[in-house]
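# Examining the three-dimensional arrangement
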Amino acid sequence: MEGIALQEKASARTAACRFCGCALHHTFTDLGMSPLCESILSADQLNQMEAFYPLHVFVCEDCFLVQLQEYVSPEHIFTEYAYFSSYSDSWLAHAKAYTQLMVERFQLGPDSLAVELASNDGYLLQYFVEQGIPVLGVEPAVNVARQAIEKGIPTLVKFFGQELAAQMARDGVRADLILGNNVLAQVPDVCSFVAGMKTLLKPQGVITLEFPHLMRLMEGNQFDTIYHEHFSYFSFLTTMKIMARFGLAVFDVEELSTHGGSLRVYARHAEDTSHRVTERVQELAQREERAGFTRLETYFSFDEKVKDTKRKIMAFLIDAKRAGKSIAGYGAPGKGNTLLNYCAIRTDFLDYTVDRNPYKHGKFLPGTHIPIFPPERIRETRPDYVLILPWNLKNEIREQLSYIREWGGKLVVPIPEVEVLP
Ligand SMILES: [Zn+2]
């Protein structure tokens, strides 16, 4: 036993940064052990053993990439994936607005090709198809890709990286637009992924990537967006560094409100001068410098903030239960599972949670075994509090649940601070 423990510690000590290869010594935050957040359980799995993996996040002292080690292979996580993007109204509106913006700004037309990496069920590419623009999706989750193909969105059921990009280029596939929404964080081999985009991009093509902004994650105390499927957490400065190493240059950036605060980064070939670098690039880079993102100490403050948030969430729930209140959850997102497992919230606090995705009904959250019902359950049981787990969608959910006022029910968001919504 002792031998195994020592060996594991040794491997933790020698973990290397997935971008620069530097040894990882510094903890960003340690959320303990957690199951894979998308591995929801059916009733017959409840009495079986469940795998828990560390959610121990490191920051690289050299390139400042905040990262989780690859405890679980992406093949294991993404081959049968329960997340279907199409179920959120605000996200669909976001996707549609994005496609219009790209078509106008980069004058995409019937001779262009838009390639989406991790194209999910085709929810975004469908808006390009509507405008007559050829598309190609790349999506490794078989069940999700099948839905896209059924909708008429051509999709390669593969993991994207340098190898696939080279093969696509040999087959004559070159992209005018490569887009990756919330995928950069989810690739363990970030180097192969970025190198692959370089290979696939036409000489004057454009790449756009959206991902949660580390600065906003830290400001907003969004520790629950850390889960095993998210291998990396990017500042703008580190992103620029990664792009530059593979011959790509960031020429524009937008700060978006999605997922608690995301960046949309625009990149092109470093040697392509057809898109000039906007002032927004320098402005954000300087803002991050001033905020200390090139100093290790800045990253060390986060862990204590996380622990304090846990104590506040628990205090609220304990007080509510002591006062005889009933509490239900809303949503079964990945971030919910990090929060619930880290704070040890099970059916002792939350009677159940609800979700609009029928794939999840009758199943149970991993680790905490909280049952998942259709949203109508809330009207039937009239809980005193509904805890919104996907807090990034709180405005949308608030509208959907306005009827809970009929019985004096109240909505609660856990992040950045526990708040009972007025
Ligand atoms: Zn590094």
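How each quantity is defined
- Residues numbered from 1 in each chain as written.
- Predicted model: local features only at pLDDT ≥ 70, side-chain atom pairs only at ≥ 80, totals over all residues.
- Heavy atoms only, no water.
- Pairing = 2+ DSSP bridges.
- Helix = DSSP H or I, 4+ residues; strand = E, 2+ residues; numbered from the N terminus.
- Right-handed = clockwise from strand over helix to strand, strands pointing away.
- Contact = heavy atoms within 4.5 Å.
- Axes fitted to C-alpha atoms, helices over the stretch in contact; angles between N-to-C directions.
- Parallel < 35°, antiparallel > 145°, perpendicular 65-115°, else oblique.
- Left-handed = near helix turned anticlockwise from the far one by under 90°.
- Nonpolar A, V, L, I, M, F, W, Y, C, P; charged D, E, K, R; others polar.
- Donors = N, O, S within 2.8 Å, 3.2 Å for Na, K, Ca; no water.
- Buried < 20%, exposed > 50% of the residue type's maximum accessible area, 1.4 Å probe, protein only.
- pLDDT = per-residue confidence, 0-100.

This part is about the pairing of strand 16 (residues 410–413). Bridge count for strand 15 (residues 385–388) against strand 16 is three bridges, and the pairing is parallel. For V386, the partnering residue across the bridge sits in strand 16 and is L411. Where the polypeptide runs from strand 15 across helix 15 (residues 394–400) and back to strand 16, its parallel neighbour, the crossover connection is right-handed. The loop that links strand 16 with its antiparallel partner strand 17 (residues 419–420) comprises five residues.

Right, let's talk about the environment of A320 for a bit. Assignment of secondary structure puts A320 in helix 12 (residues 302–322). The spatial distance from the C-alpha of A320 to the C-alpha of Y385 is 8.7 Å, given a sequence separation of 65 residues. Apart from the residues within four sequence positions on either side, A320 is in contact with K325, I327 and Y385.

What follows deals with the sheet that holds strand 13 (residues 353–354). Ordered by their spatial adjacency, six strands build an open sheet running 14-13-12-15-16-17, and the pairing between neighbours is mixed. Each edge of the sheet is formed by a strand with only one pairing partner; in this case those strands are strand 14 (372–373) and strand 17. In this structure, strand 12 (residues 327–330) lies alongside strand 13, joined through two bridges in parallel fashion. If you follow Y330 over to strand 13, its bridge partner there is V354.

The next point concerns the packing of helix 6 (residues 162–170) against helix 7 (residues 190–200). The contact between helix 6 and helix 7 brings their axes to 7 Å, and the two run at 10 degrees. Considering the angle they form, helix 6 stands roughly parallel to helix 7. As helix 6 runs across helix 7, the sense of the crossing is right-handed. Mapping the contact onto sequence places Q162, A165, A166, M168 and A169 in helix 6 and S192, A195, G196, T199 and L200 in helix 7. Among the residues forming the contact of helix 6 with helix 7, the class breakdown is six nonpolar, four polar and no charged.

Glancing now at the coordination of the zinc ion. Each angle at a metal carrying four tetrahedral donors should ideally be 109.5 degrees, and each at a metal carrying six octahedral donors should ideally be 90 or 180 degrees. In the first shell of the zinc ion, the protein supplies C17 (SG), C20 (SG), C60 (SG) and C63 (SG), at 2.2 to 2.3 Å from the metal. Spacing between the donor residues of the zinc ion along the chain follows C-x2-C-x39-C-x2-C. Taken together, the residues C20 in the loop between helix 1 (2–13) and strand 1 (26–34) and C63 in the loop between strand 2 (53–59) and strand 3 (66–68) connect sequence positions 43 residues apart. Residue classification places C20 among the partly exposed positions, given a relative accessible area of 30%. The exposure class assigned to C63 is buried, which follows from its relative accessible area of 2%.

Confidence along the protein averages 92 in pLDDT terms, with 94% of residues attaining 70 or more. Within the model, the stretch residues 1–10 combines pLDDT values under 50 with zero contacts to residues more than four positions away or in other chains.

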